[in-house]
Amino acid sequence: MNRYIKNTPKSNNIGCLSAILGTLAVVVCTVIYAVISSLISNVIVSARLGSTPACALLSLSFIAIIVSFVLYEVIFICFELARAKKNESDGASAKRMLKIVAPVCICLSLLMSVVSANTYTKLTDDSLSKVCFAEYKTYSWSDRNDVMRYTLACSSDGKLTYTLTMKDGEKFEIFGSVNSCSDSFIEEYENLYGYVAHLSEQFQNSEYIIEGKVIGAEYMESFYKDARPEIWVHLETIINLTNK
């Protein structure tokens, strides 16, 4: 009994150290995954967009990273179970489980990377398309009008949103996702702020009736006029166009 009590603190320290190192390993693996996933996404999206001025909003990127973190954590837990088993038969079973679980989890994380790279919202000069390996729904504002409203908003903490509300009720947030844009898109619009300013101008000059709305203009001026003039110039354009 005395020996058990004496050894417990040491065992606990080893267990805590193992948990810390394991968590760090999981975080490092997740960071590596995020970098590799980003490279894969850029290659795939660049190949798909080509020379067209277009930008892809990768809405599943954050979800893929979170799922991969959980999968790597599962691998670590299985590894710890295999290491902790003292009984020979139990240890062999745990190791067999690890050999099965680890490849499955790694394959699933890679699959998530491919899926997230091929699932995005494509923005062009005259349309917005939902893509999942192939375009399956397109909204236009040139040959027809599918847009009901655009809304530029800024919260009291400076968070910007630009939302397109379609006639079928779908909403698309332009600033809320990781994005990958073609070189010609960057040359034409500089960034997404320039793009939404261009969109707002199109909507205001359109033959179709498209409602425009600006919320929190005072916050935009407070947060961006002096601190981020390169963003403010586009925000001011949208504000003036919408409120004229």
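For the structure itself, look to the data block above.
Scope of this entry: the structure provided in the associated data block. Keep in mind that what you see is a predicted model, and the values were worked out from it rather than measured.

### Structural notes on the pattern of salt bridges
When their charged atoms lie close together, side chains carrying opposite charge are able to pair. By the definition in use, this model includes seven salt bridges. One salt bridge in this structure joins Arg-228 and Glu-230, with 2.6 Å as the shortest N-O distance. For Glu-230, a relative accessible area of 38% gives the class partly exposed.

### Describing the side chain of Ser-68
Here Ser-68 lies in helix H2 (residues 61-84). Ser-68 has contacts with Tyr-33 and Ser-109, leaving out every residue within four places of it along the chain.

### Brief notes about the packing of aromatic side chains
Summed over the entire model, instances satisfying the criterion amount to ten aromatic pairs. An angle of 55° between the planes, with centres 6.5 Å apart, marks the rings of Tyr-162 and Phe-175 as tilted. Of this pair, Tyr-162 sits in strand E6 (residues 160-166) while Phe-175 sits in the loop between strand E7 (171-173) and strand E8 (178-181), and the two are 13 residues apart along the sequence. Across this residue pair, the class does not change: Tyr-162 and Phe-175 are buried. According to the relative accessible area criterion, Phe-175 is buried, its value standing at 19%. Every member of this aromatic cluster is reached through a ring pair, and the members are Trp-141, Tyr-150, Tyr-162, Phe-175, Tyr-193 and Phe-203.

Criteria and cut-off values
Residues numbered from 1 in each chain as written. Predicted model: local features only at pLDDT ≥ 70, side-chain atom pairs only at ≥ 80, totals over all residues. Heavy atoms only, no water. Salt bridge = Lys/Arg side-chain N within 4 Å of Asp/Glu carboxyl O. Buried < 20%, exposed > 50% of the residue type's maximum accessible area, 1.4 Å probe, protein only. Helix = DSSP H or I, 4+ residues; strand = E, 2+ residues; numbered from the N terminus. Contact = heavy atoms within 4.5 Å. Phe/Tyr/Trp six-rings, centres within 6.5 Å; stacked < 30°, edge-to-face > 60°.

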